[in-house]
Amino acid sequence: MEHPVSLYNSLSRKKEAFKPINPPHVGLYVCGPTVYGDPHLGHARPYITFDLLRRYFKHLGYKVRYVRNITDVGHLLNDADEGEDKIAKKARLEELEPMEVVHFYTRRFHDAMHKLNNLPPDIEPSASGHIIEQIQVIEAIIKSGYAYETQGSVYFDVVKYNQDHPYGILSGRKVEELMANTRELAGQDEKNNPVDFALWKKAKPEHIMRWPSPWSDGFPGWHLECTAMSTKYLGNHFDIHGGGMDLQFPHHEAEIAQSVGSCGHQPCNFWMHNNLITIQGQKMGKSLGNFITLDELFSGNHEKLEQAYDPQTVRFYILQAHYRSTLDFSNDALKAAEKGLDRLRKSLKTLEDLEASQSSEIDLGSWKKKIYTALNDDLNSPIAISHLFEGVKWINQAHEGQLKISESDLKDLKAFMPLMVTDVLGLVAEPEENHGSDAGLDQGLMDLILNLRKQAKDNKDWTTADLIRDALSGMGIQVKDTKDGSTWEKN
Ligand code: ZN
């Protein structure tokens, strides 16, 4: 490949040159959502990060197969081995079939991803659709001697595994410390050791999501699905496994153990983890009152939000931080991102009609190189974006006649800028309302009506001006007169 890419590997804890196992193909697996609630801010960052990775690889000429699963079974409350299934609980509370819950929230998840302009994965398998494959992985692990059956459930034998292979290599944890820190909880008497984790659980009579298996009617453990589905669609040794940092332990650690335990080696060459989002310095949580769903963010309907934020503003804000740094959400930061995105979009518009000069005062080649260097350096989007703003400056200066750009440079710039902004960063070039959407039509009609009212006022035709204002009020639209003109808002 023309551009050598380095990625930070969470496993080796260093940046490494990326080489696909089977070039130009790249296998990318990313842990998907557990679909039992509305998609929230915590879903925005990993899926934007890996969407950028996928888009950039495609831009460089790789053929990416992006697999992202849907967790629809086996993810128990508190990520534990005991307790109720998250989806079953929601189904019980809402008196729905579990699959109604799954499909309802999957649709809402897809809708939010679409608004953020994340391209859909190439394959989106669900855990409940891969029970047979999961049973096969369990059988292989039992055969290797790293799992045991007890009372219809099957557990991964972490202690025995750790004697042959280090357990905890991804997160840096030690089994001895885990043993010392694990409190005995109800139900753990089934396990040889409290650090062991469930591969298959025998279902209690009240448990509705259940399948037959060689051990019992039951359901698979949460960690198992990703091993089964990544193997099925990408093979048992693929290029990149991604997810949020919160999944490193125990989820990804368990995936490594399951792969080594079933086929003798690591599942992938690279582990990539994005850092988490905080809200005004705090972790997001329902009990902290700062849990914000993506719908709330896009509509502004949450007490922590001062306004609605366009999904593209949210995307731009996330891309403005490196995926491995923490990212704090605040109204001020989002408003700044909104302004930045607006400048970027306006410059693309200006660029379209920009005219060439005889000579050039810019060094386009080294500028483009700087952008590639940034993205090749562990996907450093904030540095790449800061260089793009150098381009914005050029465009604005050239537009004002303060900078010369030659015809060939201008042609190159006109092709490269939108390519980077829309194809690679995945930002929609124009705000929604400019595409003739309802919002755009509303604004156009309101401008017309308010202009007519202004004419009436200028002619001192107060009766007509008041008639228009009252009629709008009757339709739920409030007009406010300010010294700079009139504004309007819907009730
Ligand atoms: Zn997973």
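For the structure, see preceding data.
These notes cover the structure that comes with them.

Analysis parameters
- Residues numbered from 1 in each chain as written.
- Predicted model: local features only at pLDDT ≥ 70, side-chain atom pairs only at ≥ 80, totals over all residues.
- Heavy atoms only, no water.
- Helix = DSSP H or I, 4+ residues; strand = E, 2+ residues; numbered from the N terminus.
- Buried < 20%, exposed > 50% of the residue type's maximum accessible area, 1.4 Å probe, protein only.
- Contact = heavy atoms within 4.5 Å.
- Areas by Shrake-Rupley, 256 points an atom, 1.4 Å probe, with all protein chains shown as cover.
- Donors = N, O, S within 2.8 Å, 3.2 Å for Na, K, Ca; no water.
- Core = buried A, V, L, I, M, F, W, Y, C linked by side-chain atoms within 4.5 Å.
- Domains from an automatic or database assignment.
- Pairing = 2+ DSSP bridges.
- Axes fitted to C-alpha atoms, helices over the stretch in contact; angles between N-to-C directions.

### Quick word on the overall build of the protein
Stage number 1. On a plain count of helices and strands, the protein comes out with 16 helices and 15 strands.
Stage number 2. By principal-axis analysis of the C-alpha atoms, the protein measures approximately 90 × 60 × 35 Å.
Stage number 3. Here the protein holds 491 residues, and the buried ones make up 49% of them.
Stage number 4. Restricting the contact set of the protein to residue pairs at least 6 apart, pairs at least 24 apart contribute 72%.
Stage number 5. As displayed, the protein offers around 23500 Å² of accessible surface, 49% of which is attributable to carbon and sulfur atoms.

### Re the coordination of the zinc ion
Stage number 1. Taken together, the protein ligands of the zinc ion are Cys31 (SG), Cys226 (SG) and His251 (NE2), with distances of 2.0 to 2.1 Å.
Stage number 2. Along the chain, the residues that donate to the zinc ion are spaced as C-x194-C-x24-H. Within this pair, whereas Cys31 is found in the loop between strand E3 (25–30) and helix H1 (41–60), its partner Cys226 is found in helix H7 (residues 224–234), the two being separated by 195 residues in sequence. Accessibility assignment for this pair places Cys31 and Cys226 in one class, buried.

### Overview of the nonpolar core
Stage number 1. Membership of the largest hydrophobic core comes to 80 residues, with the highest contact counts inside it found for Phe57, Ile240, Leu297, Phe329 and Met417.
Stage number 2. Ranked by residue count, the leading element in this core is H1, at 10 residues.
Stage number 3. For this core, the domains that each give at least three residues are domain 1 (5–274) and domain 2 (279–424).
Stage number 4. Other than its neighbours up to four places away in sequence, Phe329 contacts Leu41, Ile277, Thr278, Ile279, Gln280, Leu297, Val314, Tyr317, Ile318 and Leu334.
Stage number 5. Residues Leu76, Val102, Trp222 and Trp271 belong to the second largest nonpolar core, which totals 51 residues.

### Quick look at the sheet that holds E3
Stage number 1. One open sheet accounts for four strands, arranged E4-E3-E9-E10; its pairing is parallel. A single partner strand is all that each edge strand has here, and the edge strands are strand E4 (63–68) and strand E10 (268–274). Adjacent strand axes in the sheet meet at a mean angle of 20 degrees when their direction is disregarded.
Stage number 2. Relative to strand E9 (residues 238–244), E3 runs parallel, the two sharing three bridges. Paired with Val30 across the strands is Gly242, a residue of E9.
Stage number 3. Contacts from H1 reach E3, E4, E9 and E10, with the element oriented near 160 degrees to E4.
Stage number 4. Against the sheet, H7 makes contact with E3, E4 and E9, and its axis sits at roughly 160 degrees relative to E3, the strand it touches most.

By themselves, these figures tell us nothing about what the structure is for.
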